Number of protein chains: 2
Amino acid sequence: MKLSKTSEYALRVLAYMINSDMQVFKAKDLVETLNVPNKYLRRLMTDMSKYGFIKSLQGREGGYVFAKNADKIFLIEVIDAVEGIDKYQGCIMGHQSCSEENPCSLHKSYAPIRDLEMEYFRKTSIKELKDKNIHKF
Amino acid sequence: MKLSKTSEYALRVLAYMINSDMQVFKAKDLVETLNVPNKYLRRLMTDMSKYGFIKSLQGREGGYVFAKNADKIFLIEVIDAVEGIDKYQGCIMGHQSCSEENPCSLHKSYAPIRDLEMEYFRKTSIKELKDKNIHKF
DNA sequence: GCATATTACTACACAGGTATGGTATTTTAT
DNA sequence: ATAAAATACCATACCTGTGTAGTAATATGC
């Protein structure tokens, strides 16, 4: 599982937000704190708004806030929204059809590992990224 | 772990070779059997020869053969050779320095899963792809 | 109402991975 | 010598992920 930079940025933004006491986050603050390219972050935030993880407040005194409780936002949803999760679920050898019934030569041994990984992303929420001992998002 | 197409092709070539009774494999045969683009496969085979997994026999009746016993060729070596393995071992959130001592907010929970996956690729050899019930490489 | 602060939208640019095409060279069995 | 096979370059094209630039739209404070 090597996430795209866009997914990394998305998770880092959300990890920062859940670990901060602020309610409203400005793009400028996020850019400086997380070292994400300015315009890139802005597009990402707009996208994440559309997907319903956050909400944007326009105008002066505006910014971004969570659109729902962070324990209802799962890692797999974020990844799927910003880069798509399908590719990580396909056959490790690149076969179109690969299943228990018609497996590739790696399927039997690798499938359990991939399933474990997927379950992790499916069950872990943004809220679980809250950890007061960690100052790296 | 979403491998590059180049890695997928490499594994499929080696899986096909270990599952066949033939000793010498011609590029033409590999291209047709595995549906890999002609020129792309040829360059890949040249690369794999340089890395010592296979050997090329030039001239008429030439082709490719294993350069060493397939139980001495591990998946991680093949992946590392053709696309590099480093990116899969870095921090899931993209941090430069992320370790037990200075972890990101996902490190503690995700590191064991990534380690398990890496161990799988480190310990599984091409020989283990041999399976007479499988006809998909 | 106006200036300011902030996000939204559209288009473009660059790099790397993936793929194709051409031409010429080297090696070896027959 | 001829044919069959791989090697070596080299150029190009496409797609995607990543990143940049400029302009438009929105809301607030005064």
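Residues numbered from 1 in each chain as written. Chains lettered and ligands numbered in written order. Predicted model: local features only at pLDDT ≥ 70, side-chain atom pairs only at ≥ 80, totals over all residues. Heavy atoms only, no water.

Student: What should I look at first to understand unusual backbone geometry in this one?
Tutor: For residues that are not glycine, phi is negative in most cases, and the peptide bond is trans in most cases. Look at Glu61 of chain A: it is not a glycine, yet its phi comes out positive at around 70°. Checked against the element boundaries, Glu61 of chain A lands in the loop between strand 1 (54-57) and strand 2 (63-66). Positive phi values are uncommon outside glycine, yet Asn35 of chain B reaches one of about 55°. (Helix = DSSP H or I, 4+ residues; strand = E, 2+ residues; numbered from the N terminus.)

Student: Would you mind showing me how to read helix 3 (residues 38-50) of chain A here?
Tutor: Given 3.6 residues per turn, any residue in an α-helix points the same way as the ones three and four places further on. Residue and element names in this part refer to chain A. Its 13 residues give helix 3 an end-to-end C-alpha distance of 19 Å, which sits within 8% of 18 Å, the value for a rise of 1.5 Å per residue. Looking at helix 3, one finds that the buried residues are Leu41, Leu44, Met45, Met48 and Ser49. Seen from one end, helix 3 has its buried residues packed into an arc of 140°, which puts them on one side. Exposed residues on helix 3 whose side chains face more than 90 degrees from its buried face are Lys39, Arg43 and Lys50. (Expected span 1.5 Å × (residues − 1). Buried < 20%, exposed > 50% of the residue type's maximum accessible area, 1.4 Å probe, protein only. Arc of directions from axis to C-beta.)

Student: What's the story with the interface of chain A and chain B in this structure? I'm lost.
Tutor: Chain A puts 33 residues into the contact, and the matching count from chain B is 33 residues. Here chain A meets chain B over a buried area of about 3200 Å², counting both sides, of which 64% is carbon and sulfur. Contact with chain B buries surface across chain A, with Met93, Tyr120 and Lys136 of chain A losing the most and accounting together for 21% of the total. Seen at the junction of chain A and chain B, the total is zero salt bridges. In this assembly, chain A and chain B are joined by four residue pairs in polar contact (both at pLDDT 80 or more). (Contact = heavy atoms within 4.5 Å. Buried area = accessible area lost by both parts, 1.4 Å probe. Salt bridge = Lys/Arg side-chain N within 4 Å of Asp/Glu carboxyl O. Polar contact = N/O pair within 3.5 Å; in protein donor to acceptor, adjacent residues only side chain to side chain.)

Student: Explanation requested: the relation of the copies chain A and chain B in the structure shown.
Tutor: Think of it as a corkscrew move, a rotation about one axis and a shift along it, taking one chain copy to the other. Mapping chain A onto chain B calls for a rotation angle of 180° and an axial translation of 0.1 Å; the resulting RMSD is 0.2 Å. Given the turn and translation reported, the copies of this chain are related as if by a two-fold rotation axis. Distance from the rotation axis, computed per C-alpha, reaches its smallest value in chain A at Met1 of chain A: 1.9 Å. When you check the interface residues of chain A against chain B, 100% turn up at the interface there too, and the contact is symmetric in its surfaces. (Least-squares fit on C-alpha atoms with pLDDT ≥ 70 in both.)

Student: Sorry, what's going on with the protein's contact with DNA strand D here?
Tutor: As a matter of local geometry, DNA strand D sits amid 22 residues, with Lys5, Lys39 and Gln58 of chain A together with Ala27 and Tyr64 of chain B nearest to it. Taken together, the sugar and phosphate atoms account for 68% of what DNA strand D places within 4 Å of the protein. In this structure, a phosphate oxygen belonging to DNA strand D sits 3.4 Å away from a side-chain N or O atom of Arg42 of chain B. Every element with two or more residues in the surface near DNA strand D is listed here: helix 1 (5-18) and helix 3 of chain A together with helix 3 (38-50), strand 1 (54-57) and strand 2 (63-66) of chain B. When the residues that make up the surface near DNA strand D are grouped by side-chain class, the tally is six nonpolar, nine polar and seven charged. (Near = heavy atom within 4 Å. Nonpolar A, V, L, I, M, F, W, Y, C, P; charged D, E, K, R; others polar.)

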